[in-house]
Amino acid sequence: MSSIQEIKALVTSSEHEVHIAKDALKATERGIEEAYERNRIAKATHDGLVVKLANLKAQFREQIMEDGLKESNRWNEMYYKLLQWKENHDGDVLVGVDKDSDEETKKLSRWVINQRSAYKYFMNGDTKHIKDHRIDALNKMGFVWCVADHVFQANVEELKQYHAENEKFDIPVKENKKLAAFVSRVRTAYANKQEGRAQHDLTDEKIEQLDAIGFKWGFKKSRKKTSSTSTAFDYDTQIALLQEFKNEYGHTKVNKLIKEWQKGEGEPSKKEYRRLPVFLTFARKEYISYVEGQPSLIDAEKVKALTDLGVEWKQPPNVPRKNTGGEASRKKKPRIEAPSHEQDFVAELDVEAELPPMNIPALPSPNIIAPKFDDGQSTMI
């Protein structure tokens, strides 16, 4: 009997311990729930403070922008002229010019181009040409910083509308010359990209945008390299010819002599010399692909050989220029120091004089033929 009682006592004790454990578990669960609730409240408070801080920063930037635009300086003068231009030209902020444009319009167009140049330097870490609050002011206006992207977006929208109305992407030139040229360019760029050739204008994001509207890219097979391409980069033959050219003329500035020969000022000792500019142009294009890590017909050994001959290379578009037009690149001139609260603006009072020239084309409105710009243009996707 004593054994049975002992067992019963043990069972009772175990049941009691189970109850205690259950109570402890419930307390733990309540503690976890309370911890979750405290965490939720803390997170909500944190998120609220983040939003509040962001709003305060935005208000602060807005105030700085407004105070900056109240200053009497040349930048603000041109800013308000652009604002007036926008109001008078249906929201246009590109300020396209042609041979009939007056001097004030040309001046405003140059200023707009210079702001884009300054912004490119700003994005590369050179902030001396344009201040944050001025970027904010131009953003608020709807300023176009990248003409190529703006042109592309406008063309995609127009192409989307055309497809919706005509159910095709093959556009006759007679029907819409500008849009037909756009379609031809993107298809060519896409084919080149499929071959592994660097295409700076046609990015993956742009391809996705065109895919999204069902754009037909045409033939998917890679095009065969033409005989002119293989001839242009017959490296061993061409570099030997370039070496002969340098031995004979003392330099590798082939284009300079080509122009003289075209004017009838002398004749090349070898007719093959006339093909060297094609080779050098092709080599420089391949060099851009090489330094960007893209597939290229040129390598380090070939770059060194051409460099040793005196060939000069162009840097890729994403490499900042060494001469950024700052104080260090200009001769120091005596000047009267401005008061401390005005010194931030002194370096920018003549942005056009400070910035090195950059060939940035202006942009047409979405549905019109692009006007000519006095700073030169390049065909863009």
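Keep in mind that this is a model prediction, so the values were computed, not measured.

(A) Local environment of the overall build of the chain. Scanning the chain from N- to C-terminus turns up 14 helices and zero strands. In the chain, the order of α-helices and β-strands from amino to carboxyl end is α-α-α-α-α-α-α-α-α-α-α-α-α-α. Burial analysis of the chain (381 residues in total) assigns 33% to the buried set. A fraction of 62% describes how many contacts in the chain between residues 6 or more apart in sequence connect residues 24 or more apart. For the chain, the accessible surface area stands at approximately 24,900 Å², while carbon and sulfur atoms represent 53% of it.

(B) Structural context of the pattern of salt bridges. As enumerated under the stated definition, the model contains twelve salt bridges in all. Arginine 110 serves as the salt-bridge partner of glutamate 103, at 3.4 Å between the closest nitrogen and oxygen. Classification of glutamate 103 by relative accessible area gives exposed; the value is 51%. Across the salt bridge formed by arginine 187 and aspartate 170, the nearest N and O atoms sit 2.8 Å from each other. In this pair, arginine 187 is assigned in helix 6 (residues 177-194) and aspartate 170 in the loop between helix 5 (147-166) and helix 6, connecting sequence segments 17 residues apart. Taken together, the salt bridges that share partners define one network made up of Glu77, Lys81 and Glu104.

(C) Structural detail: unusual backbone geometry. Of note in the backbone geometry, aspartate 90 takes a positive phi value of approximately 55 degrees without being a glycine. Assignment of secondary structure puts aspartate 90 in the loop between helix 2 (74-88) and helix 3 (103-123). At glutamate 167, a residue that is not glycine, the phi angle is positive and equals roughly 55 degrees. Relative to the elements of secondary structure, glutamate 167 occurs in the loop between helix 5 and helix 6. Since its relative accessible area comes to 69%, glutamate 167 is described here as exposed.

(D) Examining the packing of aromatic side chains more closely. Throughout the structure, instances matching the rule amount to twelve aromatic pairs. Seen in terms of ring centroids, tyrosine 79 and tyrosine 80 are 5.3 Å apart; in terms of plane orientation they differ by 80 degrees. Their pairing is edge-to-face. Here tyrosine 79 falls in the buried class, since its relative accessible area comes to 6%. Centre to centre, the rings of phenylalanine 169 and phenylalanine 215 are 5.3 Å apart; their planes meet at 75 degrees, and the pair counts as edge-to-face. One end of the pair, phenylalanine 169, is in the loop between helix 5 and helix 6; the other, phenylalanine 215, is in the loop between helix 7 (204-212) and helix 8 (227-232), with 46 residues separating them in the sequence. Residues phenylalanine 169 and phenylalanine 215 agree in their burial class; the two are buried.

(E) Seen up close, helix 4 (residues 132-141). Burial runs high along helix 4: seven of the ten residues are buried. For helix 4, the set of buried residues is His133, Arg134, Ile135, Asp136, Ala137, Leu138 and Met141. Glycine 142, located one to two residues past helix 4, shows a positive phi value of around 95 degrees.

(F) Focus on the nonpolar core. Tyr79, Leu82, Leu108, Trp111, Ile130 and Leu138 are the most contacted members of the largest nonpolar core, which has 23 residues in total. For this core, the elements supplying multiple residues, two or more each, are helix 1 (2-69), helix 2, helix 3 and helix 4. Formed by 21 residues, the second largest nonpolar core is a distinct cluster that contains Leu257, Trp261, Ala283 and Val311.

(G) A look at helix 6. With 18 residues, helix 6 should cover 26 Å at 1.5 Å per step; its first-to-last C-alpha distance of 26 Å lies within 8% of that length. Listed as buried for helix 6 are Lys178, Leu179, Ala180, Phe182, Val183, Val186, Ala189, Tyr190, Ala191 and Asn192.

(H) Quick peek at the confidence of the model for the chain. Confidence along the chain averages 78 in pLDDT terms, with 77% of residues attaining 70 or more. In the predicted structure, residues 220-232 sits below a pLDDT of 50 and forms 13 contacts with residues beyond four places in sequence or in another chain. Every residue in residues 324-378 is under pLDDT 50, and counting partners more than four places away or in other chains gives 111 contacts.

So, how was this worked out
Residues numbered from 1 in each chain as written. Predicted model: local features only at pLDDT ≥ 70, side-chain atom pairs only at ≥ 80, totals over all residues. Heavy atoms only, no water. Helix = DSSP H or I, 4+ residues; strand = E, 2+ residues; numbered from the N terminus. Buried < 20%, exposed > 50% of the residue type's maximum accessible area, 1.4 Å probe, protein only. Contact = heavy atoms within 4.5 Å. Areas by Shrake-Rupley, 256 points an atom, 1.4 Å probe, with all protein chains shown as cover. Salt bridge = Lys/Arg side-chain N within 4 Å of Asp/Glu carboxyl O. Phe/Tyr/Trp six-rings, centres within 6.5 Å; stacked < 30°, edge-to-face > 60°. Core = buried A, V, L, I, M, F, W, Y, C linked by side-chain atoms within 4.5 Å. Expected span 1.5 Å × (residues − 1). pLDDT = per-residue confidence, 0-100.

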